Amino acid sequence: MSTNSICLLGLGYIGLPTGSMFALAGKTVIGVDPSPRVQAALSSGVASIDEPELQTLVTAAINSGRLRVQTRPELADAFIIAVPTPLDPTTNRADLSFVKQAAWDIVPVLRRGNLVVLESTVPPGTTRDVLAPILAESGLMPGRDICLAHCPERVLPGRILVELEQNDRLAGGFTPACAERAADLYQAFVKGAIMRTDATTAEMVKVMENTFRDVNVALANEFALIAERIGVDVWEAIRLANHHPRVNVLRPGPGVGGHCIAVDPWFLVESAPEGTRLIRAAREVNDAMPEHVVGRLAALVSPPAPIALLGVTYKAEVDDVRESPALRVAELAVERGYAVRLCDPHVKPGTPGLPAPLLPLEQALRDAEAVVLLVDHRAFQEVDVDLAAALVSGKRVLDARNALDRARWQAHGFEVSLLGSGDSPRPAGRRTERARA
Ligand code: SAJ
């Protein structure tokens, strides 16, 4: 059965680019999002998200006449659900309320022969055990009267457009025929391979991928903590270890953020609470990094010193502050009594949830007693160090990403500390031994 029209629920980081791709591939796309902010932006042709090339893509899609935006779903050949699946902070379980609401919203407009695809990341079993029963309330049985599939997105924020097209993709069907139908739909723009499997396997694969990355970042962070204790520069150690043909240690940092990697491992913990010791430990290691960064800061300056925190987003070159470890560092520093100034050229002024004022670089640096680099945005790596030296009074820098040109900052009189480098104070016992020697 051919699929010409798509009703896409959720025009966020994934829904908006995906809908635009389908529109440019010739499909009629009805984008559905209840957010007045998203509605207002898109009705004036503005992409509501800061992502390379997305504005060009959205403009082309809207100009093609095949992408329109509204608040309620309507009849279509296929429905794609790309809504958030946040973590319930009290239980660390997936909050599926948006997925369930989207499914209920589809029920009245569902027709025999339709395809329903879930793109949102969910705990394994959700398509079969949560989505299918709701859709069946329409009187149409998934796998018999309608097709149902899980096709998780796997794109990297910052490279969404390239990866949407180039990455291999999963089509996890409620039945093999559903997988086939979903694969056929995505062939409209996907150039990578489309791998057919069942829905629960596809759900498991998606959370495995992000858990793999989380555990590996945790390992890098643990190496950084060890290196600080024993007086080694972890960056040098990692560079050397990565010469081994089967070793690829990731980069330590102030923690793991974003709406995926900091969240999805919990979906596996939820599925098998007794069998996920490593996954849980990795989450704990990564979640403890902001506190560690604040500890390193405290070794440089004490509250209520004014400090400039460079970077608020969860990683470089994105505008997303969800689960951002940089934001957590800022919160902790405010709690400890520092006079915190935030700076991030990618974050829009007025972004809710910031614990301190967001300032232009010069204002953030002026008279600061210390500077902490939390996000390796290019803008910070290329910062004018002459200007920084003229503005900053404390001349202390903590680089939590190993992104600054240490020699340049030192040449301007800065004392530069590096996360993961043994230049931090050593444990008392070791210092005593050295003193004796
Ligand atoms: N990070 C480190 N060190 C590293 C790599 C990452 O500290 O060496 C940190 C980042 O700073 C950031 C966090 O981890 O805070 C996550 O960043 P990321 O770039 O690793 O991943 P995301 O969350 O932007 O996108 C991930 C991707 N998943 C994998 O690479 C397995 C992407 O392909 C997924 O589509 C996306 O999650 C998603 O939506 O699930």
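Parameters at a glance
What you see as residue numbers is a count from 1 along each chain, following the sequence as written. Only residues with pLDDT of at least 70 are given local features in this predicted model, and only at 80 or more are side-chain atom pairs given and counted; all residues enter the totals for whole chains, interfaces and linings. The basis for every side-chain value is the complete set of non-hydrogen atoms in the structure, without hydrogens or water. For the exposure calls, accessible area comes from a 1.4 Å probe over protein chains only, and a residue counts as buried if that area is under 20% of its type's maximum, exposed if over 50%, partly exposed in between. Only runs of H or I of at least four residues qualify as helices and only runs of E of at least two qualify as strands under DSSP, and these elements are numbered from the N terminus. Each C-beta atom gives one direction from the helix axis, and the arc is the one those directions make. Here, two residues are considered to be in contact whenever any of their heavy atoms come within 4.5 Å of each other. Cavity means a closed set of points on a 1 Å grid over the protein atoms alone, one where a 1.4 Å probe fits but cannot get out, pocket means an open set with protein on both sides within 12 Å along at least 5 of 7 lines, and lining means a residue has an atom within 4 Å of a point. Grid points are joined across faces, edges and corners, and a volume is the space filled by probe spheres set on the points. Whether two strands pair depends on DSSP finding at least two bridges between them. Geometry is summarised by axes, namely lines fitted to C-alpha atoms with helices restricted to the contacting stretch, and by angles between N-to-C directions that run from 0 to 180 degrees. Summary of the distance rule: residues count as near a molecule or strand when at least one heavy atom falls within 4 Å of that molecule or strand. Each polar contact in these results corresponds to two N or O atoms within 3.5 Å; when the atoms are within protein, one needs to be able to donate a hydrogen and the other to accept it, and residues that are neighboring in sequence are counted only if both atoms are side-chain atoms. Grid points define the cavity or pocket, and a molecule sits in it when more than half of its atoms lie within 2 Å of them. When residues are grouped by polarity, Ala, Val, Leu, Ile, Met, Phe, Trp, Tyr, Cys and Pro land in nonpolar, Asp, Glu, Lys and Arg in charged, and all others, Gly among them, in polar. The patch calculation keeps residues exceeding 30% relative accessible area without a salt bridge and links them within 9 Å when they carry like charges or within 5 Å when they are nonpolar (Val, Leu, Ile, Met, Phe, Trp, Tyr). Here the open area of atoms and residues is found with the Shrake-Rupley method and a 1.4 Å probe, where only the protein chains shown may cover a residue. The working definition used for a salt bridge is a side-chain nitrogen of Lys or Arg within 4 Å of a carboxyl oxygen of Asp or Glu. Each Phe, Tyr or Trp ring, with Trp reduced to its six-membered ring, pairs with another whose centre is within 6.5 Å; inter-plane angles below 30 degrees give stacked pairs, above 60 give edge-to-face pairs, and intermediate values give tilted ones. Criterion for a charge above a ring: Arg CZ or Lys NZ at most 6 Å from the ring centre, at most 35 degrees from the ring normal. The term disulfide is used for any two cysteine sulfur atoms that are within 2.5 Å. Only buried residues count toward a nonpolar core, which is a set of Ala, Val, Leu, Ile, Met, Phe, Trp, Tyr and Cys residues joined through side-chain atoms within 4.5 Å.

1. A look at helix α4 (residues 97-106)
Residue pairs three or four apart in sequence face the same way in an α-helix, which turns once every 3.6 residues. Those residues of α4 that sit buried are Val 99, Ala 102, Ala 103, Asp 105 and Ile 106. Buried residues of α4 fall within an arc of 160 degrees about the axis and therefore sit on the same side. Packing partners of the buried residues in α4 comprise β1 (5-9), β4 (78-81), β7 (115-118) and α5 (126-136).

2. Points about unusual backbone geometry
The residue after Pro 303, namely Pro 304, is reached through a cis peptide bond having omega 5 degrees. In this fold, Pro 304 is placed in the loop between α12 (289-298) and β11 (306-310). Positive phi, close to 60 degrees, is recorded for Asn 92, a residue that is not glycine. At Lys 395, a position not held by glycine, the phi torsion is positive, near 55 degrees. As for its position among the elements, Lys 395 is in the loop between α16 (385-391) and β14 (396-399).

3. Here's the deal with empty space enclosed by the protein
As enumerated under the stated definition, the model contains one cavity of 30 Å³ or more in all. Size it by volume and the largest cavity reaches roughly 50 Å³. Lining the largest cavity are Pro 152, Arg 154, Val 155, Glu 163, Leu 164, Asn 167, Asp 168 and Arg 169.

4. Thoughts on the sheet that holds strand β3 (residues 67-70)
An order of β3-β2-β1-β4-β7-β8-β9-β10 is seen for the eight strands of this open sheet, with the pairing classed as mixed. Of all the strands in the sheet, the pair left with one neighbour each is β3 and β10 (194-198). Put simply, the sheet's adjacent strands are angled 25 degrees from each other on average, direction ignored. Inspection of the sheet shows strand β9 (residues 169-173) paired to β10 by five bridges, in the parallel sense. Within the sheet, the bridge partner assigned to Ala 171 lies in β10 and is Arg 196. Strands β8 (147-150), β9 and β10 of the sheet are contacted by helix α8 (residues 199-230), whose axis makes an angle of about 115 degrees with β10.

5. A short note on the site of the ligand
Taken together, 20 residues lie around the ligand, and Glu 153, Val 155, Lys 206, Arg 213 and Tyr 314 are the ones closest in. A distance of 2.7 Å separates an oxygen atom of the ligand from a polar backbone atom of Val 155. Between the ligand and the protein, one listed contact pairs an oxygen atom with a side-chain N or O atom of Lys 315 at 2.9 Å. Cavity membership is defined here by more than half of the atoms lying within 2 Å of grid points; on that basis the ligand lies in the second largest pocket. For the shell around the ligand, the class distribution of residues is nine nonpolar, three polar and eight charged.

6. Examining a nonpolar patch on the surface
A cluster of nonpolar side chains, namely Leu 219, Phe 223, Ile 226, Ile 230 and Val 232, defines an oily patch on the protein surface of about 390 Å² accessible area. In this structure, Ile 230 sits in helix α8. Here Ile 230 falls in the partly exposed class, since its relative accessible area comes to 44%.

7. Regarding the packing of aromatic side chains
Within the structure shown, the criterion is met by four aromatic pairs. Of the aromatic side chains, those joined through ring pairs into one cluster are Phe 22, Tyr 186 and Phe 189. In this structure, Lys 395 is placed above the aromatic ring of Phe 414, and the distance from its NZ or CZ to the ring centre is 5.7 Å.

8. Structural notes on the state of the cysteines
Inspection of every chain in the model, using the stated rule, returns zero disulfides. Just so you know, Cys 7 is unpaired, no disulfide at all, and the nearest cysteine sulfur is the one on Cys 151, 16 Å from it. In this structure Cys 7 comes out as buried when scored by relative accessible area, which is 0%.

9. A few points about the nonpolar core
Counting 40 residues, the largest nonpolar core has Phe 22, Leu 54, Ile 80, Leu 185 and Tyr 186 as the members making the most contacts within it. If you tally residues by element for this core, the top one is helix α7 (residues 176-186), at five residues. Not counting the four nearest positions on each side in its chain, Leu 185 is found in contact with Thr 3, Ile 6, Phe 22, Lys 27, Ala 78, Ile 80 and Leu 115. Residues Ile 30, Val 32, Leu 110 and Trp 266 belong to the second largest nonpolar core, which totals 34 residues.

10. Side note on the pattern of salt bridges
Across all of its chains, the model carries 24 salt bridges by this definition. One salt bridge in this structure joins Lys 191 and Glu 165, with 3.3 Å as the shortest N-O distance. Linking Lys 191 in the loop between α7 and β10 with Glu 165 in helix α6 (residues 160-166), this pair joins segments that are 26 residues apart in sequence. Relative accessible area serves as the criterion here: at 58%, Lys 191 is assigned to the exposed category. Looking at Glu 165, the relative accessible area reads 24%, which means it is partly exposed. A salt bridge links Glu 180 to Arg 196; the shortest N-O distance between them is 2.9 Å. Taken as a pair, Glu 180 in helix α7 and Arg 196 in strand β10 lie far apart in primary sequence, 16 residues in all. What you see here is one network of salt bridges that share partners, running through Arg 112, Arg 144 and Asp 145.

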